[in-house]
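A closer look at the structure
Chain by chain, the residues run as shown.
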Amino acid sequence: MAKYSINLLQADLQTVKALLTLKRVVALWAATLVIMLGLIFIVQWQVSNLTTQFTKEKSFNSQQKLQLKKLESAISNNRQDSGLLAQLNTIKLLIANKEHLHQQLTDPTKTYSAGFSKAMEELAALHDNDISLQSVNIGNGNMTFAGVARTPDAVPNWLSGFESSTFLSGQRFINFSLIENEQKLTEFVVSSAQSKGE
């Protein structure tokens, strides 16, 4: 069989297919747009739900404050009624508790909002080679640390580093005990809570 054509275009001279083509770029941007629109929709939905919940709570709080004012006005205009006084004190206590709870939940330096993980992050950042923590107890505004130190002065040096942290700064440690064990290491317990015997 006779060959009437010669291919002068060698394989290394042929053009390489482009990885990024116009169709692929358009498809990628379209997919990105769909994902972003989906994320925006989800965030807007969550914000809407939280706004509705906040509005309800705010309305309920306003009703309670209005009721408190009415009761205070009724008490000041009438003779003191022990039932009304008890109801007023209950409402005042309820509002004070809610305000205290709100403050605790929104304070970034407290365990309730910062979370236990934040405290653990700061403890890890304040790591001292002379200190080995064996237990950490954080809750109800109290902190207790127990562990072993190579030297007795390593514990106060370690505690002084708390001043540079956000969550642990300003803590007052009421109980502080150091005991030397059989391995000549110092066992310590530091606590911000009052001991039961005090």
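Since the model is a prediction, treat every value here as computed from it, not as a measurement.

Turning our eyes to something else, we now look at the overall build of the protein chain. Scanning the protein chain from terminus to terminus reveals 5 helices and 4 strands. For the protein chain, the succession of helices and strands along the chain, N to C, is α-α-α-α-β-β-α-β-β. Burial analysis of the protein chain (198 residues in total) assigns 19% to the buried set. Taking the intrachain contacts of the protein chain between residues at least 6 apart in sequence as the baseline, contacts between residues at least 24 apart amount to 46%.

Let us now look at the nonpolar core. Residues Ile-131, Phe-145, Val-155, Trp-158, Phe-162, Leu-168 and Phe-188 are the most contacted members of the largest nonpolar core, which totals 16 residues. Of all the elements in the fold, those that place two or more residues in this core are helix H4 (116-125), strand S1 (131-139), strand S2 (142-149), helix H5 (154-160) and strand S4 (186-191). No other element matches H5, which puts 4 residues into this core. Not counting the four nearest positions on each side in its chain, Trp-158 is found in contact with Leu-123, Leu-126, Asp-128, Ile-131, Leu-133, Phe-145 and Phe-188. Among the nonpolar cores identified, the runner-up in size contains 6 residues, and Leu-68, Leu-71, Leu-88 and Ile-95 belong to it.

Averaged over every residue, the pLDDT of the protein chain is 80; the share at 70 or more is 79%. Here helix H3 (residues 111-114) stands out as the element of the protein chain with the lowest mean pLDDT, 49, in contrast to helix H1 (residues 22-77), whose mean of 92 is the highest.

Once that is clear, we can look at unusual backbone geometry. In this structure, Lys-184 is a non-glycine residue whose phi angle is positive, near 65 degrees. If you trace the backbone, Lys-184 turns up in the loop between strand S3 (175-180) and S4.

Quick look at H1 now. Compared with an ideal rise of 1.5 Å per residue, which puts 56 residues at 82 Å, H1 spans 81 Å between its outermost C-alpha atoms and is within 8% of the ideal. Along H1, the residues classified as buried are Gln-64, Leu-68, Leu-71 and Ile-75.

Strand order in the open sheet formed by 4 strands is S1-S2-S4-S3, with antiparallel pairing between adjacent strands. Each edge of the sheet is formed by a strand with only one pairing partner; in this case those strands are S1 and S3. Pairs of neighbouring strands in the sheet enclose a mean axial angle of 10 degrees, with direction left out of account.

Let us look at the side chain of Gln-64. Within the fold, Gln-64 resides in helix H1. For Gln-64, a relative accessible area of 11% gives the class buried. Among all residues touching Gln-64, those that are not within four sequence positions of it are Leu-94, Ile-95 and Lys-98.

What counts and how
Residues numbered from 1 in each chain as written. Predicted model: local features only at pLDDT ≥ 70, side-chain atom pairs only at ≥ 80, totals over all residues. Heavy atoms only, no water. Helix = DSSP H or I, 4+ residues; strand = E, 2+ residues; numbered from the N terminus. Buried < 20%, exposed > 50% of the residue type's maximum accessible area, 1.4 Å probe, protein only. Contact = heavy atoms within 4.5 Å. Core = buried A, V, L, I, M, F, W, Y, C linked by side-chain atoms within 4.5 Å. pLDDT = per-residue confidence, 0-100. Expected span 1.5 Å × (residues − 1). Pairing = 2+ DSSP bridges. Axes fitted to C-alpha atoms, helices over the stretch in contact; angles between N-to-C directions.

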